[in-house]
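# Survey of secondary and tertiary structure
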Amino acid sequence: MSASTPTEPSPAKDRGEPVIEVTDLVRKFGDRTVLDGINFKVYKGDTMIIMGGSGCGKSTLLRHINGALKPTSGSIKIFGEEITGKSEPELDAIRKRFGMNFQFGALLQSLTVGENIALPLREHSNIDSSIIDLVVKMKLELVGLTGFENLKPAEISGGMRKRVGLARAVALDPELLFSDEPTSGLDPVMTAVVDQLTMDLTKNLGMTAVVVSHDMTSCFRIGSQMIMLGTGPYQGKIVAQGTPEEIKNNPHPFLQQFIRGEADGPIPLKLSKDDYIKRLVG
Amino acid sequence: MFSLDECFRQIVRIGVQAIPMASLTAFSVGLTLAMQSARELGKMGAAAYVPDLVSLTLLRELGPMLIAVIVIGRSGSAVTAELGTMKVSEEIEALEVMAINPVRFLIVPRFIAMLIMLPALTIFGDYIGMFGAWLICNLSLDMSAATYIIHSVERATTWDLFTGIIKSFVFAWLIILIACDAGLNVVGGAEGVGQSTTKSVVNSLLAMLIANAIMTGLFFFIF
């Protein structure tokens, strides 16, 4: 990978049909191209990490894969089914097979923590109410929140809300889990717990996970495949993709600056002196 | 299928919790309407017709309109603000991604609650207003309760009550439609929620006033 072009994926070994297949995905908002020719595949049991700087389009990419947004062009296949042209009722059949953990939890404020986790179970299964209560307790224990089921989301901290969001995402034991920055704002111990949970789900239960993150420690801990989205001149493009080892060894300066968290480098955070003066005086 | 529990929860929030405010408004309007009409009709020696005037005015016009204004300001705005906040905090997107139809889950219970509670509040408000007018008639005009009721019932017909209920059904439909549409289409953060809530209240009031004029015209000319 290190000697190959940045956007070339590592060769797929004989792993069957991909769970997710994104081909030539382009998304424009007005004149601004946020995603520009994205290609990647995710196979069963993989933990695919989507990383990149703020505003590079990570969450937008995730919202396209879960069907919340429609692309300008390109193809997205989930479980072998093309989702870009599907209506909402058709998409719902696919959505029941995956769980989504939102960046800020996205819990329904009018429901308690327990009711939030029970919601997908009550809506999509005929499980008895007493069993649902039991499942809620189990899922809360998974994320270290035993006994919190009767509190409202407004009564718990932001980090706790994220963990409840994760518990809700896995309530139906989905085949596929999407997680949008699951560890941002969590303390190091809780980050490790959430990472361990993701690894348990993928390695022990065969779940496939797609995780958006810029927490490098967490990314390299849980990822089996990674893609890096670019900003500035690489806006909306995949700068690099491969296994964590391949990503670490990739010499692309953009990628190396991001992994090391260095202020100086090719990632355009500040205007150059000339551009700054030009913008000031017109 | 929508949740009956949620439907009852909305009935309480949209309707039951609006009872004190609707009662106070209807009572004060009945009271003032009786005072004003007692003075003017008294000059013509027609003070005995105060109950007739009050009951007809409340049943046909003021009852449905005033209660609708209260519900727009209190419940319609709350629906827009709640749905708008849910939109900006990704709660509605979360429902969609969980394959739960937000219209079925959020809108239908509110719609049903409004269609039940606005006409119910209107009928309730009509009688509270008439009670306020009776107080004036009794204390100021020495009119007995029996005389007041006979006068009210003689003049107002069941159709007068029905026209008010029909109006309140139409108002309920307009108010909840506008409130939900404004809430679901919020763009931006807290500022967007505020703007949509204002828009929802203004549009609901305008739609209600226009619909009231049209329906009064229909009842006046056709029926």
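A brief look at the structure comes next. (Residues numbered from 1 in each chain as written. Chains lettered and ligands numbered in written order. Predicted model: local features only at pLDDT ≥ 70, side-chain atom pairs only at ≥ 80, totals over all residues.)

## Details of the overall build of chain B
The secondary structure content of chain B amounts to eight helices and zero strands. In sequence order, the secondary structure elements of chain B are arranged as α-α-α-α-α-α-α-α. The buried share among the 223 residues of chain B stands at 45%. (Helix = DSSP H or I, 4+ residues; strand = E, 2+ residues; numbered from the N terminus. Buried ≥ 20, exposed ≤ 12 C-beta atoms within 10 Å, placed from the backbone.)

## Description of helix 4 (residues 129-142) of chain A
Residues and elements named next belong to chain A. Its 14 residues place the ends of helix 4 20 Å apart at the C-alpha level, agreeing with the 20 Å of an ideal helix rising 1.5 Å per residue. The complete set of buried residues in helix 4 reads V136, K139 and L140. The arc enclosing the buried residues of helix 4, seen along the axis, measures out at 100°, which places them on a common side. For helix 4, the exposed residues set more than 90 degrees away from the buried face come down to S130, I131, L134 and E141. In this structure, the buried side of helix 4 is in contact with helix 3 (113-124) and helix 5 (158-169). Once helix 4 finishes, G144 follows within two positions and takes phi at roughly 70°, a positive value. (Expected span 1.5 Å × (residues − 1). Arc of directions from axis to C-beta. Contact = placed C-beta atoms within 7 Å.)

## Regarding the sheet that holds strand 3 (residues 47-52) of chain A
Residue and element names in this part refer to chain A. Read from one edge of the open sheet, six strands run 6-7-8-3-9-10, paired in mixed fashion. Each edge of the open sheet is held by one strand with a lone partner, namely strand 6 (98-101) and strand 10 (238-242). Across the sheet, the mean angle separating the axes of adjacent strands is 10° when strand polarity is ignored. Note that strand 7 (residues 176-180) and strand 8 (residues 208-212) share five bridges and pair parallel. Across the sheet, L176 pairs through a bridge with T208, a residue of strand 8. Against the sheet, helix 1 (residues 58-65) makes contact with strand 3, strand 7, strand 8 and strand 9 (225-229), and its axis sits at roughly 150° relative to strand 8, the strand it touches most. Strand contacts of helix 5: strand 6 and strand 7, with the helix running at about 175° to strand 6, the strand carrying the most contacts. (Pairing = 2+ DSSP bridges. Axes fitted to C-alpha atoms, helices over the stretch in contact; angles between N-to-C directions.)

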